[in-house]
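# Chain and residue survey
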Amino acid sequence: MLNRRFLRIKVLQALYAYLESGDTEVAGGIRNLLESISKLHELFVWQLSFIVETKRFADNKITDNRNKFIPTYEDSHPNMRYVQNRVINAIEDNRDFQRKEAAYNINWGGMGSEVVKNYYNIMRDSEEYKAYMTEKTDNWDHDKKFLVKMIETYYADLEVLQDFYEEKSIFFCDDYHLVSSMLIKFIGDLRKFDVNDKLPTIYKTENDEVNVDEEFVKRLFRETLRNGDEFGNLIVDNTNNWEKDRICVMDMIIMKMAITELRCFPEIPVKVTMNEYIEISKFFSTPKSKNFINGLLDRLLKKMESENMIEKKGLGLLEK
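Now for a description of the structure that goes with this document. (Residues numbered from 1 in each chain as written. Predicted model: local features only at pLDDT ≥ 70, side-chain atom pairs only at ≥ 80, totals over all residues. Heavy atoms only, no water.)

## Things to note about the packing of helix α12 (residues 228-237) against helix α13 (residues 249-264)
Two numbers describe how α12 lies on α13: the axes approach to 10 Å, and their chain directions differ by 110 degrees. Put simply, α12 runs roughly perpendicular to α13. Where α12 abuts α13, its residues Gly228, Glu230, Phe231, Gly232, Leu234, Ile235 and Val236 lie against Met252, Met255, Lys256, Ile259, Thr260, Arg263 and Cys264. Of the residues in the contact of α12 with α13, the class split is eight nonpolar, three polar and three charged. (Axes fitted to C-alpha atoms, helices over the stretch in contact; angles between N-to-C directions. Helix = DSSP H or I, 4+ residues; strand = E, 2+ residues; numbered from the N terminus. Parallel < 35°, antiparallel > 145°, perpendicular 65-115°, else oblique. Contact = heavy atoms within 4.5 Å. Nonpolar A, V, L, I, M, F, W, Y, C, P; charged D, E, K, R; others polar.)

Structure, rendered in structure tokens:
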């Protein structure tokens, strides 16, 4: 399943889009939210496929070089480290990945082949690739660390890939960097990946009947909107005479969502909520407003606890 932080971020983005559009149909906002989450997962599979496709491209180049009329020594004795990368091959052989690649009709022909070639050339010329191909260490963790390093270092600036995805879906363009973070976490956490293992799903389900995470995102969206005015006033009343229009829209939504979880989700521990929104603020706020959010949320938490405004179910859920 997707990490709930990613789901919280999708709710944040959906609330921002909803409020900025001036829409009044909550049901429509929720439909857009669920579609964007579905597209997030689709892009995740596309990105896994892109990694696999670069390996296929490298493998084809090796075959072509071997079949030259007069191959060089390097052509006949290629370095197979990348095409034998254990993590990439485990993903390629995985049946769930193969099913999803087919279901999303993923194809790297046409313009896609140029995107793959472009990245392969960048990768091949990088110092990280040269070191990876020549180092003595040769195991699963070494393969995994190389892939993570390439995603961290080169994916953010890979404009040709982002342009390619923008043609596929506007959601793909918006979520490109978020999915890169998902890839890093997924690959970085892999200890093994067998043919019958499952890729992360969109939502966590309970007894295959209740989509727990889907209900979570819909409820978080609705409750943040429903309590928006009340929680907005609570924020402004505790900001040392700051006026509401001095707080940027994104910062206000982050804080409203945090208060919504604290007040309306008795099953979520206080510590989890505080940690999640403090982390989210690091990426969606400026350094100055990030510190402002952190300090204000801590102040609001103490106030709400002192006035018994927070009720949590279970032992330890109030611990900060």
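On we go from here.
## Re a negative patch on the surface
There is a patch of like negative charges on the surface, built from Asp157, Glu159, Asp163, Glu166, Glu167 and Asp174. Of all the elements, helix α9 (residues 159-168) adds the most residues to the negative patch, at four residues. In this structure Glu167 comes out as exposed when scored by relative accessible area, which is 66%. (Patch = residues over 30% accessible without salt bridge, like charges linked within 9 Å, V, L, I, M, F, W, Y side chains within 5 Å. Areas by Shrake-Rupley, 256 points an atom, 1.4 Å probe, with all protein chains shown as cover. Salt bridge = Lys/Arg side-chain N within 4 Å of Asp/Glu carboxyl O. Lys, Arg positive; Asp, Glu negative; His and termini not counted. Charge placed at Lys NZ, Arg CZ, Asp CG, Glu CD. Buried < 20%, exposed > 50% of the residue type's maximum accessible area, 1.4 Å probe, protein only.)

## A short note on the packing of aromatic side chains
With the rule as written, the count across this model stands at 21 aromatic pairs. Both rings, one in Tyr82 and one in Phe146, keep their centres 6.2 Å apart while their planes meet at 80 degrees; by these two values the pair is edge-to-face. One end of the pair, Tyr82, is in the loop between α3 (73-76) and α4 (86-93); the other, Phe146, is in helix α8 (residues 140-155), and 64 residues separate them in sequence. The class for Tyr82 is buried, based on a relative accessible area of 2%. Looking at Phe146, the relative accessible area reads 5%, which means it is buried. (Phe/Tyr/Trp six-rings, centres within 6.5 Å; stacked < 30°, edge-to-face > 60°.)

## What to know about the pattern of salt bridges
Considering all chains together, one arrives at 30 salt bridges under this definition. Its salt-bridge partner being Arg86, residue Asp138 comes within 2.8 Å of it at the nearest N-O pair. Here Asp138, found in the loop between α7 (127-134) and α8, pairs with Arg86, found in helix α4; they are 52 residues apart in sequence, far enough to count as distant. On the basis of relative accessibility, which here comes to 40%, the residue Asp138 falls in the partly exposed class. For Arg86, a relative accessible area of 33% puts it in the partly exposed group.

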